[in-house]
Amino acid sequence: MTLMENISRFLLQATENHTVMFTVKIDTSSWIYGCMNSNSSMCLEATDLSWKAELLPTTKVVILKLQDYPSLSHIVIQVPAAVGNKYTLGCEFFQEDSRTVQLPVTHIFSFGLSSSKILLNSTGLLYNVQLQHFNQIYQAFKIYIESHCQSPKERKPSVYRLHIPWSHEDSIFVAKAPSLTEISAKLHVAQPGNGNRAPELNIYSSSDCQYEVILKTSLLQVLGQIVRFHAGAFPVYIVSNILLTYGGQLSTLRSTGQCSDFSLELVRTAKPYKVEPLISIVVFLQGFNWFREIWESLSLPEVDAAVLSSQDAWFPLVSLILFLFGTGIAYWSGVFFSTSLRLFSSLWLTLIRPTVLEKDKLITPRRLCGMLSLSLVSWTTCGAFAVFLIYLQYLFKVIRLHVNVRAEQNKLNRDSDHSQETSQNSSIHTVKPQSSMDSVPEMSQPLTNSTAIAEAVNSLKMHLTILNLFTWIVLLNLPSLIYWLKNLRYNVRLDPDPCRSTAIIIVCILEILMNSSTSEVKSSKLLKIAAKVPLPLSVAMLAFGRMHLYRVPHFVTFSLLLHVLCCVV
């Protein structure tokens, strides 16, 4: 019996509830036609007949529902003569529902410890595995497909396709049977509200092979999805952690008179439970009309978390994970600053003789000229450029302070060692002891030096935190600076400039702060307010800055403005 007679016999036996499927080896010269009668002039190509034709890496697949073509009498496959002897054809009838199975995905909190699996005893050429409840962008899975074949004969490779219907995301994998194939399953777009089709894993199988599908949650890829879709919010969480640390240092300075280290204060104060619960409560209350009306009457913008939740791009633990990431980055940025300063100061001490450690005046005519000059630069050119210039000036000032502190500490240590050697020598020889009145003048100078050095160390710790905080403000303004530099040949002034007004305020604030010390701050009556304000500012920053990064400098500027007021009031 010929091939066409076999196909005709299959067609005659088919019922309206059956689907016929053909798989052929891929070849650019091969064509599939459907004929309405024995006359070849009535034959049309599969694509013209709107059949489901798919060109896969190793096979061409055509799926045809016979009830849609009652007048179809023949199926013709044109095979090139050069490959006719090597040509293989698979053909089958099957109930469509019998080849569709459902596999519920594992919960995200299973952390890959549990799995969902299904066993397919293949007797055909196609299986559709529907992945139920796979519809959110933060979901990510590892799918393992293990194939076992009854005979060791050579066969065409199996083809696996992961199909996402609402975004047309198709991932195709080819594997020789028997084998173990690993597939990563994650979404680029969440399922729309009106969508009802689940993602599918299409298995184009061999008829004598058995397939086991195992699905597990991939914790690493879940974190990757969070980073992928929310990496733009990282600066907000980093700055929020540094701002909490900054407030903690001010609070410690007020209570003990000493400024704590950045890393220790970060561990103590940067806690997610201080900021996240309040935002979650506001998002929950915004679901009520009365609260939304009060919120809108206050002219407050909508909380970013509520907007992201309405877009199915948010779930409760995202903010916690991002906050912890932000804590880690803030910690290592502090370590980076401390290490870099030590390296720069060592180089400075090697090349240049340090100056005497002395207290600077907050406001001088020279500094007023600097403020006016940088404000003019911001107004006439680019605000981000003025911010970058004041940042370099501040960085130079902190490095210089670090060098002077190290030099004074080294000198104090040498004096202390010399005093110990003198006391040891005096104990060997019999010398008339001096009176207590004679020893006071000798001890007063080292005590004065140690007090000044301790005060300078406290100021240095505070400046390091402010510089760390200000670094991220510079980075957030960097796109404006790059855009201005690229278009400088066309226009000297950036217009519109998103950070012009903020830059002028920042220039004035930092010009004063870089010359301040903790002795001026801890005696201020405003220190209590300045120490408490960073916490609500961190909450507001996370509430309104996740999707609007341009708002972040405003919160930082307000906190630094209070610091300046503490220096002058």
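What counts and how
Residue positions are counted from 1 within each chain, in the order its sequence is given. Confidence filtering applies because this is a predicted model: local features only for residues at pLDDT of at least 70, side-chain atom pairs given and counted only at 80 or more, and all residues used for totals across whole chains, interfaces and linings. Derived side-chain values reflect all non-hydrogen atoms in the structure, with water molecules and hydrogen atoms excluded from consideration. To count as a disulfide, a pair of cysteine sulfur atoms needs to be within 2.5 Å. Each helix is a run of H or I in the DSSP string that is no shorter than four residues. Each strand is a run of E no shorter than two, and both are numbered from the N terminus. Note on classification: 1.4 Å probe, protein chains only; a residue is buried when its accessible area is under 20% of the maximum for its type, exposed when over 50%, partly exposed between these limits. Angular values range over 0 to 180 degrees, each being the angle between N-to-C directions of two axes fitted as lines to C-alpha atoms, with helices fitted over their stretch in contact. Roughly parallel refers to an angle under 35 degrees, roughly antiparallel to one over 145, roughly perpendicular to one between 65 and 115, and oblique to any angle outside these ranges. Any pair of residues with heavy atoms lying within 4.5 Å of one another is described as a contacting pair. In this analysis, strands are considered paired if DSSP registers two or more bridges between them. Excluding any residue in a salt bridge, patches collect residues exceeding 30% relative accessible area, merging like charges within 9 Å and nonpolar Val, Leu, Ile, Met, Phe, Trp and Tyr side chains within 5 Å. Where accessible areas are quoted, they stem from the Shrake-Rupley method and a 1.4 Å probe; at the residue level, only the protein chains shown are allowed to cover. We define a salt bridge as a contact between a side-chain nitrogen of Lys or Arg and a carboxyl oxygen of Asp or Glu at a distance within 4 Å. As used here, the term nonpolar core means buried Ala, Val, Leu, Ile, Met, Phe, Trp, Tyr and Cys residues forming a set that is joined through side-chain atoms within 4.5 Å. Multiplying 1.5 Å by the residue count of a helix minus one yields the expected span of that helix. Planes of paired rings set the category: under 30 degrees apart is stacked, over 60 is edge-to-face and the rest tilted, where pairs are Phe, Tyr or Trp rings (Trp by its six-membered ring) whose centres lie within 6.5 Å. In this scheme, Lys NZ or Arg CZ marks a charge over a ring once it lies within 6 Å of the ring centre and within 35 degrees of the ring normal.

Undergrad: Would you explain the state of the cysteines in this entry?
TA: Scanning the entire structure with this criterion turns up one disulfide. Across the disulfide from Cys149 sits Cys209; the S-S distance is 2.1 Å. In this structure, the disulfide formed by Cys149 and Cys209 twists by about 95° around the S-S bond and is classed as right-handed. Highlighted residues: Cys149 in strand E11 (residues 140-149) and Cys209 in strand E16 (residues 209-217), separated in sequence by 60 residues. Look at Cys149 and you get partly exposed, because its relative accessible area is 22%. Take Cys209: its relative accessible area is 3%, and that puts it in the buried class. Cys567 carries a free sulfur, and the closest cysteine sulfur to it, the one in Cys566, is 6.9 Å from it. Residue class for Cys567 comes out buried when judged on its relative accessible area of 9%.

Undergrad: When you look at the packing of helix H3 (residues 234-256) against helix H16 (residues 552-568) in this model, what are you seeing that I'm missing?
TA: Between two packed helices, both the angle of their axes relative to each other and the distance between the axes serve to describe the pair. H16 packs onto H3 with a crossing angle of 10° between their chain directions and a minimal axis gap of 11 Å. By the angle between their directions, the pair H3 and H16 is classed as roughly parallel. Here H3 contributes Val236, Val239, Leu243, Tyr246 and Leu250 to the contact with H16, which in turn contributes Val552, Val556, Ser559, Leu560 and His563.

Undergrad: Looking at this structure, how should I read the sheet that holds strand E9 (residues 115-121)?
TA: Strand pairing within a sheet occurs via backbone hydrogen bonds; the two strands may be parallel or antiparallel. Taking strand neighbours across the sheet as the criterion, the four strands line up as E9-E16-E11-E14 in an open arrangement whose pairing is antiparallel. Among the strands making up the open sheet, the edge pair consists of E9 and strand E14 (179-186). Pairs of neighbouring strands in the sheet enclose a mean axial angle of 15°, with direction left out of account. Across seven bridges, E9 lies against E16 in antiparallel orientation.

Undergrad: Would you mind showing me how to read a nonpolar patch on the surface here?
TA: Together, Phe109, Phe111, Leu113, Leu219, Leu317, Leu320 and Leu324 make up an exposed nonpolar region whose accessible area comes to about 680 Å². The element best represented in the nonpolar patch is helix H8 (residues 316-351), accounting for three residues. Structurally, Leu317 is set in helix H8. A relative accessible area of 32% places Leu317 in the partly exposed class.

Undergrad: Explain the environment of Thr364 here, please?
TA: Within the secondary structure layout, Thr364 lies in the loop between H8 and helix H9 (365-380). Judged by relative accessible area, which is 19%, Thr364 ranks as buried. In this structure, the C-alpha to C-alpha distance between Thr364 and Ile512, residues 148 residues apart in sequence, is 9.6 Å.

Undergrad: Hey, could you run me through the nonpolar core in this one?
TA: In globular proteins that are soluble, nonpolar side chains generally tend to be buried together. Phe470 and Leu510 are the most contacted members of the largest nonpolar core, which has 94 residues in total. If we skip the residues at most four places from it in the chain, Leu510 touches Ile390, Tyr394, Ile466, Phe470 and Leu560. Judged by nonpolar contacts, the second largest core, of 27 residues, contains Val101, Tyr160, Leu187 and Leu215.

Undergrad: Just to check I follow, could you spell out helix H12 (residues 500-513) for this structure?
TA: Residue pairs three or four apart in sequence face the same way in an α-helix, which turns once every 3.6 residues. The end-to-end C-alpha separation of H12 is 20 Å, in line with the 20 Å expected for 14 residues at 1.5 Å each. The element H12 is extensively covered by neighbouring structure, given that 10 of its 14 residues are classed as buried. Among all positions of H12, only Arg500, Thr502, Ala503, Ile506, Val507, Ile509, Leu510, Glu511, Ile512 and Leu513 are buried.

Undergrad: Sorry, what's going on with the packing of aromatic side chains here?
TA: Geometry of an aromatic ring pair is reported as the spacing of the ring centres plus the angle between the planes. Taken as a whole and judged by the stated rule, the model has 14 aromatic pairs. Ring geometry for Trp295 versus Phe544: centroids 6.3 Å apart, planes at 35°, classification tilted. One end of the pair, Trp295, is in helix H6 (residues 289-297); the other, Phe544, is in helix H15 (residues 534-544), and 249 residues separate them in sequence. Look at Trp348 and Phe396: their rings are 5.5 Å apart centre to centre, the planes differ by 40°, and that puts the pair in the tilted class. Of this pair, Trp348 sits in helix H8 while Phe396 sits in helix H10 (residues 383-428), placing them 48 residues apart in sequence. According to the relative accessible area criterion, Phe396 is partly exposed, its value standing at 46%. Aromatic ring contacts, followed pair by pair, group Phe284, Phe288, Trp290, Phe291, Trp295 and Phe544 into a single cluster. Over the face of the ring belonging to Tyr127 we find Arg99, whose NZ or CZ atom lies 5.4 Å from the ring centre. When the ring centre of Trp379 is taken as reference, the NZ or CZ atom of Arg493 above it lies at 5.5 Å.

Any functional reading would require information that these geometric values do not contain.
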